[in-house]
Amino acid sequence: MAFSKILVANRGEIAVRVMKTAKAMGYQTVAVYSDADRHARHVQLADEAVYIGASKVSASYLSIENIIEACQKTGADAVHPGYGFLSENTDFAAACAENKITFIGPPASAIELMGSKRLSKIAMIQAGVPCVPGYEGDQQDIEYLEQQANQIGYPLMVKASAGGGGRGMRLVQQSADIVEALKTARSEAENAFGSGELILEKAVIAPRHVEIQVFGDTHGNYVYLFERDCSIQRRHQKVVEEAPCPVMTENLRQQMGEAAVAAAKSCNYVGAGTVEFLLDQSGEFYFLEMNTRLQVEHPVTELITGLDLVEWQLRVANGEILPLQQSELSLTGHAIEVRLYAEDPRQDFLPQTGRIYRWQAAELPHVRIDHGLLEQDEISPFYDPMVAKVIAYGKTRQDAIRLLARAVDDCVLLGVNSNKQFLVNLLRHPIIVKGDTNTAFIQEHFQTDPSLHPQTLALEHLAVAAALFTNAASQSSWNTGIALSLPLKLKHDDQHIQVLVKRDQNLVGVEICGQTFDIHLIEQNAQQLIYETHSVRRLVDYVLDGNRLYLDAVNGNIAVENVTYAPPESTDIVGDGKIRAPMDGAIINILVNPGDTVSKGQTLLILEAMKIQQQIKSDVDGVVEEVVGQVGQQVKKRQLVLNIQA
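Source: prediction; values computed, not measured.

**Observations concerning the packing of helix α7 (residues 142–152) against helix α8 (residues 178–193)**
Running from N to C, α7 and α8 point in directions that differ by 125°, and their axes come no closer than 10 Å. If you check the angle between α7 and α8, you find them oblique. Pair α7 / α8 crosses with right-handed handedness. Across the interface between the two elements, Ile142, Leu145, Glu146 and Ala149 from α7 touch Ile178, Val179, Leu182, Lys183 and Arg186 from α8.

So this is what it looks like as structure tokens:
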């Protein structure tokens, strides 16, 4: 069905990405937005924008009724769902069809089939696609599943049939643990997906995760656009994605590509899809699942093929034949992508919320950055914490990975913590550079990396902070020609640091515990400081907001507060029994009641933000005096949720 106006039923970087191609092809674009996204970049870039509800996803981006109504208000005759949200929702695809709106994606029947790990695996076995040995039957009682698990053997994976993103998934090493794993996975799956259906699979230990990009049109044509390697993962979530796969051979590529096309044909697939495989160390590969949408990592395929996959999606949805046949497709060079998240790797990747004081994407040749941020923005607790995708292209894999590490390092994100330094260190790790990786790499080889652990401020950063704070305090008094000294009290994380600042015009030195460090100031503007130390000139990006300073240094975002003249803190918030939320989020479960006796370290409640669940634990032994929060309540960072009498 021909269409002229496309509503993008999504937000953030993917909404911006889709609109860019749609506009270039002459289509009009419509954005949708919630309360939290009222001033977002994707809203500003669209030709029209429609408010669709409250910040909570169920009231806005997951509301089929509101999105269909937005189409009707604006005359949008096509919908691009992006990824996430409603992109793999059969009811949404069906609702679009009922309202004569073109759904830019596969038919609802294909989404429904591939949305079930159990049913899709049965279909793949019938289509001759290699699958991991296991159990995918419809007998689902725990005792029967235990019997099947013992027949398959260990190690074994328990998976939620409707699952994704690692939820409802358990690795079981021995039969003694299987019943507990089944019960836990089922409970998690029912809460996350509304279905407790499970499948069992023989565990493929330390495999590569290799996926094939496929495309089908409405005329029965199918192609595969080669592979992506997504083996570097953390908790079953992709961290690094690249194309082509470092260990791929022409023969294996053809075998996997043809298997992926067979999977697409088996469900009459239309549009862009991705068939995911596990590739073991012997070169055998097994079907994992099919994602019936555009993938987050689609840019690496675009860079090695020179194609625009969103353009292909729009052409296929418009009834056109695939632009190229298999024999006309080729790949050149190497592309690698990482995802920049607002999260703190030093606190077990806790999602971060709050104000972004400065966002500046790196500008380098052969680097692409897909993002949905304004230069100054807000990270909301309601959505996924990914803020940008950084992608680099090179003639060789070594060129691409070296450039990507540089590009991530050059991005400036100040105000919230991010995984920036984690990504830079990962991309420069010798094993990653060599390309000899598997899905267990981070767990086995990267746990001691400095980016994953709290770090004390270096003397050099203290000197930079001292220079910027003293400059702001009184520029004139430091340029009298007389050397002055001043005690300065700084706070970094929960650490208080007292330094003596010595300053003689543009020479700034700090002294702490008998150690000294000097820097010579060269040039300063509102965003950058250039200084020299030990005859080496350096530049640091910063934001100074009153008594709070954000430096683009260790971990990409050092927050330092000048508390020299602040009143003393009245109570120590550590170990006082006043349990506060560590982040903005929603309380989804409270595990204690007033009067309960609790011990230090015991989980009291579960907080959820950006699809991440955080266990809030007691900091003292004592008795629950008061439960301030309630299930379903949205709380702010540092808000009191529980009182415990120590």
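**Looking at the sheet that holds strand β2 (residues 28–34)**
Sheet architecture is open: 5 strands sit in the order β3-β2-β1-β4-β5, paired in parallel fashion. In the strand order of this sheet, the two ends are held by β3 (48–53) and β5 (102–103), each with one partner. Docked against the sheet, helix α1 (residues 12–24) engages β1 (5–8), β2 and β4 (78–80), running at close to 165° with respect to β2. Together, β1, β2, β3 and β4 form the strand contacts of helix α3 (residues 64–74), whose direction differs from that of β3 by roughly 150°.

**Description of the domain arrangement of the protein**
Split by domain assignment, the protein resolves into domain 1 (3–103), domain 2 (106–127 + 205–331), domain 3 (132–200), domain 4 (333–453), domain 5 (457–560) and domain 6 (576–643). A separation of 27 Å is found between the C-alpha centroids of domain 1 and domain 4. Each partner contributes to the interface: domain 1 provides 18 residues, whereas domain 4 provides 11 residues. The contact between domain 1 and domain 4 buries some 1000 Å² in all, and 59% of this surface belongs to carbon and sulfur atoms. Counting across the domain 1 and domain 4 interface gives 1 salt bridge. Between Glu13 and Lys389 there is a salt bridge whose closest N-O contact spans 3.3 Å. Residue assignment for the side of domain 1 that touches domain 4 shows that the elements contributing at least two residues are α1 and α2 (41–45). The biggest single contributor to the side of domain 1 that touches domain 4 is α1, with 4 residues.

Rules of the game
- Residues numbered from 1 in each chain as written.
- Predicted model: local features only at pLDDT ≥ 70, side-chain atom pairs only at ≥ 80, totals over all residues.
- Heavy atoms only, no water.
- Axes fitted to C-alpha atoms, helices over the stretch in contact; angles between N-to-C directions.
- Helix = DSSP H or I, 4+ residues; strand = E, 2+ residues; numbered from the N terminus.
- Parallel < 35°, antiparallel > 145°, perpendicular 65-115°, else oblique.
- Left-handed = near helix turned anticlockwise from the far one by under 90°.
- Contact = heavy atoms within 4.5 Å.
- Pairing = 2+ DSSP bridges.
- Domains from an automatic or database assignment.
- Buried area = accessible area lost by both parts, 1.4 Å probe.
- Salt bridge = Lys/Arg side-chain N within 4 Å of Asp/Glu carboxyl O.

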